[in-house]
Amino acid sequence: MVAVFLMISASLAMASTKDEVQKRGYLQCGVSTGLPGFSNPDEKGNWTGLDVDMCRAVAAAVLGDATKVKFVPLTAKERFTALQSGEIDMLSRNTTWTYTRDTSLGLNFAGTDYYDGQGFMVSKKLGVKSAKELNGAAVCIQAGTTTELNLADYFRQNKMEYQAVVFDTSDQTVKGFEAGRCDVLTSDQSQLYALRIKLANPDDAVVLPEVISKEPLGPVVRQGDDGWFNIVKWSLFAMINAEEMGVTSKNVDTMKNSSNPAVQRLLGTGGVKGSFLGLNDDWAYQIIKQVGNYGEMFDRNVGAGSPLKIARGLNALWSKGGIMYAPPIR
Amino acid sequence: MAPVTQTRPKSTSWWNSAQNRALVFQVLLAAAVIAFFVYIGRNTVHNLEQRGIATGFGFLNQKAGFGIIMHLIPYDESYTYGRTFLVGLLNTVLVSGLGIVFATILGFIVGVARLSPNWLISRMAAVYIETFRNVPLLLQIFFWYFAVLRALPAPRQSLHIGSGVFLNIRGVFLPRPIFEDGFGWVTGAFVFCIIATIILKRWATRRQEATGEQFPVFLTSLAAFLILPTLAFFLTGKPLHWEYPELKGFNFRGGIAVIPELTALLTALTIYTATFIAEIVRSGIQSVSHGQTEAAYALGLRPGKTLRLVIIPQAMRVIIPQLTSQYLNLTKNSSLATAIGYPDLVSVFAGTTLNQTGQALEVIAMTMSVYLSLSLLISLFMNWYNKRSMLKER
């Protein structure tokens, strides 16, 4: 009996997540069950996407190797429990930063890696041009999302009725939409574009112009481990700063000899130390070398270099008309 | 001769008595189990606090703010999370209740058909059982929902099946009866018929026991049921009209809508569980010795009556306990609803509500206790029924 007690107390004693990850040798990262552009497995089981690259960046910073990540696919319903219970080290799964989630779920949001907003997709055949014409429509939604709440708010505000057809995964939601179970599919705009290319005939569906909510998406960690929170936060900030300074995965080695003090601080060749995060001095160098800067990550997964071809829009750097802004590394 | 001094048997010490020892060990074990759960409980609360996760049942009074497609009691986004619990619970009870009724009927028919002397009928029953028993339930639910649903037309091309009944990909739309003043008389006549039938049945049984004469109870009460309420209906001036569903905008409005999620789930649950019930019925019937059939025939009973009055009542002893576990399975399996978006308890409460509030422990505890209570209620009822229908030896 005593032995059992000791075992339980030992496993419950909270070790720092960073130490655990380093001891284990890989990062456990919660991602979606399959959303092109954000986290999607190919037929060989390799995960790609913006959320996936965020995981890889943290692995590069902590372990020096961006490939040392075990991806845990989670539905919207499962994601927070998985993080709270310690099944994953971090969650990078197009998750909206909201007041309730930040304050009552024991979670910390480590910044925004994609500024999104909720929209509607309808079949072209319906001839609907605006979300205001959707009174009485059946709407397909994914369970357990902020989307479900925004939708209710929007229809109430505009004195319209709707029927909510709620599915578990985005795959089922698309199937329901394709089968004609609902007139409208609602989700974050980025997801709508991603789900649209999953349709048998993407051209039959059209995304309506209305954006009805703010959806800042970003990586999430458990509360109570500030060291780990800092690492995830600054992994993202390092990528945004790198884009701002023009440091890319291609030129990062030559940039190492740069005389620009800001670049030197970023790449760990002069100035501030990686030890503030408990990491090697080249932590940010590893991220940029292996994963790239924020702009590269965006283009490759959802932007011009991807099938989604989403414009930078709000996600452009603050210096280029967007709101992507990271605190300086100094 | 000196009297033999009676030596008392050497008293064993207190802890050498088997009874006392057993007591001590049981108390120790109970204490350890309690201590273990107290420890786990306190540990959980401590961890929740440390990680800043809110606890308690206060969230049940918060506004839910999301829509649910099917609700048997009034519900919209302005109701509370507590209400979503009730809505989900009732939807679970509805689909399990209907599933149990349909699966029992289908299962009995197939089970009896499986034993039919007709080669074709018994083979068809066998094929049905073997097919649907061996395909996972989740796949069947997907089949009925996605494959069959896809074949149905869009709302504007709905199939029109008879007056005011429409079928399309959004479900089945039926006319809704609207009752006016005076309909109470019709209901009253109906209730009167029920009571009269019960009394008639009792009287007929007593008369048969006394005189051996039979009375056509079924035909008499059928006639009463057909005539009396109809008479009341016309005498009160037809106090009933129908609200027909109408195509407006995206879909039909008005009338009664049965969502396809319910149909698909109910179909899958019924067909799947009925295969098991059919096998239980078969084994029950086969457990009755063939001599009973022969004896019944020898008395001049026809095969139908033999089955109804001699075989099935004896088979029920074997059937009922197994039937109970199938009913429990069906109720629990209804939670697969979440895969196709039928708003049952697991989907609405343990799904959306859990996720919106983050109160995992409370929500899961409530959901688990619902399934536990439902199972216990079913068992309780079936055990009562089993006792009642047990063989009475005279």
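All values derive from a computational prediction rather than experimental measurement.

## Here we look at the side chain of Ser122 of chain B
All names here are of chain B.
- Structurally, Ser122 can be placed in helix H3 (residues 119–133).
- Of the residues examined, Ser122 reaches a relative accessible area of 5% and is grouped as buried.
- Ignoring anything within four residues of it in the chain, the contact list for Ser122 reads Ala113, Arg114 and Ser116.

## Quick look at empty space enclosed by the protein
- Going through the model one piece at a time under the given rule, you end up with three cavities of 30 Å³ or more.
- Each pocket or cavity is described by its volume, and for the largest cavity that value is around 210 Å³.
- The wall of the largest cavity is formed by 23 residues, among which Asn94, Gln142, Thr145, Ser187 and Gln191 of chain A lie closest to the centre.
- Where the lining of the largest cavity is concerned, the elements lending two or more residues are strand E9 (137–142), helix H6 (146–157), helix H7 (170–179), strand E11 (184–188) and helix H8 (189–196) of chain A.
- In terms of residue count, the dominant contributor to the lining of the largest cavity is E11 of chain A (four residues).
- By residue class, the composition of the lining of the largest cavity is five nonpolar, 14 polar and four charged.
- Of the volumes computed, that of the second largest cavity is approximately 80 Å³.
- Along the walls of the second largest cavity sit Glu148, Ala164 and Val166 of chain A together with Phe66, Gly67, Ile68, Ile69, Gly341, Pro343, Ser347, Val348 and Thr352 of chain B, which together make up its complete lining.
- Elements that contribute at least two residues to the lining of the second largest cavity include exactly strand E10 (162–167) of chain A together with helix H10 (345–357) of chain B.
- The element that contributes the greatest number of residues to the lining of the second largest cavity is H10 of chain B, accounting for three residues.
- Here the lining of the second largest cavity is composed, by residue class, of seven nonpolar, four polar and one charged.

## As for a nonpolar patch on the surface
- Taken together, the side chains of Phe192, Phe218, Leu219, Leu222, Leu226, Ile227, Leu228, Leu231 and Leu235 of chain B make up a nonpolar region of the molecular surface, amounting to roughly 980 Å² of accessible area.
- Of all the elements, helix H6 (residues 217–235) of chain B adds the most residues to the nonpolar patch, at eight residues.

## A look at the layout of surface pockets
- A volume near 990 Å³ is recorded for the largest pocket.
- Lining the largest pocket are 30 residues, and of these Glu161, Tyr162 and Gln163 of chain A together with Ile69 and His71 of chain B lie nearest its centre.
- Elements with a minimum of two residues in the lining of the largest pocket: H6 and E10 of chain A together with strand E7 (251–253) and strand E8 (256–258) of chain B.
- Classifying every residue of the lining of the largest pocket by side-chain character gives 14 nonpolar, seven polar and nine charged.

## Observations regarding helix H9 (residues 226–245) of chain A
- For H9 of chain A, spanning 20 residues, the distance from its first C-alpha to its last is 27 Å, which sits close to the expected 28 Å at 1.5 Å a residue.
- At the C-terminal side of H9 of chain A, Gly246 of chain A shows a positive phi close to 75°.

## Things to note about the interface of chain B and chain A
- With 43 residues of chain B at the contact, the number on the chain A side is 52 residues.
- Counting the surface chain B buries against chain A, the share from its top three residues, Arg51, Phe250 and Asn355 of chain B, is 20%.
- At the boundary of chain B and chain A, one finds four salt bridges.
- Arg170 of chain B is the partner of Asp183 of chain A in a salt bridge, and the nearest nitrogen-oxygen pair spans 2.7 Å.
- There are 11 residue pairs in polar contact (both at pLDDT 80 or more) connecting chain B and chain A.
- Put simply, the parts of the chain that give the side of chain B that touches chain A at least two residues each are helix H1 (18–50), helix H4 (137–150), E7, helix H7 (260–287) and H10 of chain B.
- Grouping the amino acids of the side of chain B that touches chain A by side-chain chemistry returns 19 nonpolar, 16 polar and eight charged.

## With respect to the UniProt feature "domain: ABC transmembrane type-1" (unreviewed entry) in chain B
- Here, UniProt's "domain: ABC transmembrane type-1" (unreviewed entry) annotation points to residues 89–382 of chain B.
- Across residues 89–382 of chain B, the secondary structure splits into 70% helix and 9% strand, with the terminal C-alpha atoms separated by 21 Å.

## Some thoughts on the sheet that holds E10 of chain A
Residues and elements named next belong to chain A.
- The five strands are arranged E10-E9-E11-E8-E12 in an open sheet whose pairing can be described as mixed. Pairing within the sheet leaves two strands with one partner each, and these edge strands are E10 and strand E12 (205–207). Adjacent strand axes in the sheet meet at a mean angle of 30° when their direction is disregarded.
- As paired elements, E9 and E11 share two bridges and run parallel to each other. Paired with Val139 across the strands is Val184, a residue of E11.

## Considerations on the nonpolar core
- In terms of nonpolar packing, the biggest core is built from 117 residues, with Leu27, Val58, Trp228, Val247, Leu266 and Leu267 of chain A touching the most fellow members.
- What Val247 of chain A contacts, discounting residues up to four positions off in sequence, is Ala242, Val252, Met255, Val263, Leu266, Leu267, Ile288 and Asn293 of chain A.
- Core analysis: the next-biggest nonpolar cluster, separate from the first, contains 21 residues, Ile68, Leu89, Ala350 and Leu354 of chain B among them.

## Some points on the state of the cysteines
Residue and element names in this part refer to chain A.
- Counted according to the given criterion, the structure contains two disulfides over all chains.
- Sulfur-sulfur distance for the disulfide between Cys29 and Cys55 comes to 2.0 Å. Disulfide Cys29 to Cys55: torsion about the S-S bond roughly -65°, handedness left-handed. Linking Cys29 in strand E1 (residues 27–31) with Cys55 in helix H3 (residues 50–63), this pair joins segments that are 26 residues apart in sequence. As far as the burial class goes, Cys29 and Cys55 line up, both buried.
- The disulfide partner of Cys140 is Cys182, and the S-S distance across this bridge is 1.9 Å. Between Cys140 and Cys182 the disulfide shows an S-S torsion of about -105°. By sign, it is left-handed. Residue Cys140 is located in strand E9, and its partner Cys182 is located in the loop between H7 and E11; the two are separated by 42 residues in the primary sequence.
- When the cysteines engaged in disulfides are numbered in sequence order, chain A pairs them as 1-2, 3-4.

## A short note on helix H2 (residues 17–24) of chain A
Residue and element names in this part refer to chain A.
- Residues Thr17, Lys18 and Val21 constitute the buried set of H2. The buried residues of H2 occupy an angular sector of 100° when the element is viewed end-on, so they sit on one face.
- Phi turns positive, to about 90°, at Gly25, one or two residues after H2.

## Comments concerning the packing of aromatic side chains
- What the rule picks out here adds up to 30 aromatic pairs over all chains.
- When the centroid spacing of 6.0 Å and the interplanar angle of 35° are considered together, the rings of Trp47 of chain A and Phe71 of chain A count as tilted. Of this pair, Trp47 of chain A sits in strand E3 (residues 47–48) while Phe71 of chain A is found in strand E4 (residues 69–73), placing the two residues 24 residues apart along the sequence.
- The class of Trp47 of chain A is buried, set by a relative accessible area of 11%.
- Since its relative accessible area comes to 13%, Phe71 of chain A is described here as buried.
- Note on Phe173 of chain B and Phe252 of chain B: the rings are 5.2 Å apart at their centroids and 35° apart in plane angle, and the pair reads as tilted. Of this pair, Phe173 of chain B sits in strand E3 (residues 171–174) while Phe252 of chain B sits in strand E7, and the two are 79 residues apart along the sequence.
- What makes Phe252 of chain B buried here is its relative accessible area of 9%.
- Ring pairs connect the aromatic residues Phe38, Tyr114, Tyr294 and Phe298 of chain A, which therefore count as one cluster.

Here is what the cut-offs are and how they apply
- Residues numbered from 1 in each chain as written.
- Chains lettered and ligands numbered in written order.
- Predicted model: local features only at pLDDT ≥ 70, side-chain atom pairs only at ≥ 80, totals over all residues.
- Heavy atoms only, no water.
- Helix = DSSP H or I, 4+ residues; strand = E, 2+ residues; numbered from the N terminus.
- Buried < 20%, exposed > 50% of the residue type's maximum accessible area, 1.4 Å probe, protein only.
- Contact = heavy atoms within 4.5 Å.
- 1 Å grid on protein atoms, 1.4 Å probe; cavity = no way out; pocket = protein on both sides within 12 Å on 5 of 7 lines; lining within 4 Å.
- Points joined across faces, edges and corners; volume = space filled by probe spheres on them.
- Nonpolar A, V, L, I, M, F, W, Y, C, P; charged D, E, K, R; others polar.
- Patch = residues over 30% accessible without salt bridge, like charges linked within 9 Å, V, L, I, M, F, W, Y side chains within 5 Å.
- Areas by Shrake-Rupley, 256 points an atom, 1.4 Å probe, with all protein chains shown as cover.
- Salt bridge = Lys/Arg side-chain N within 4 Å of Asp/Glu carboxyl O.
- Expected span 1.5 Å × (residues − 1).
- Buried area = accessible area lost by both parts, 1.4 Å probe.
- Polar contact = N/O pair within 3.5 Å; in protein donor to acceptor, adjacent residues only side chain to side chain.
- UniProt positions renumbered as here; feature names shortened; annotations may be inferred.
- Pairing = 2+ DSSP bridges.
- Axes fitted to C-alpha atoms, helices over the stretch in contact; angles between N-to-C directions.
- Core = buried A, V, L, I, M, F, W, Y, C linked by side-chain atoms within 4.5 Å.
- Disulfide = S-S within 2.5 Å.
- Arc of directions from axis to C-beta.
- Phe/Tyr/Trp six-rings, centres within 6.5 Å; stacked < 30°, edge-to-face > 60°.

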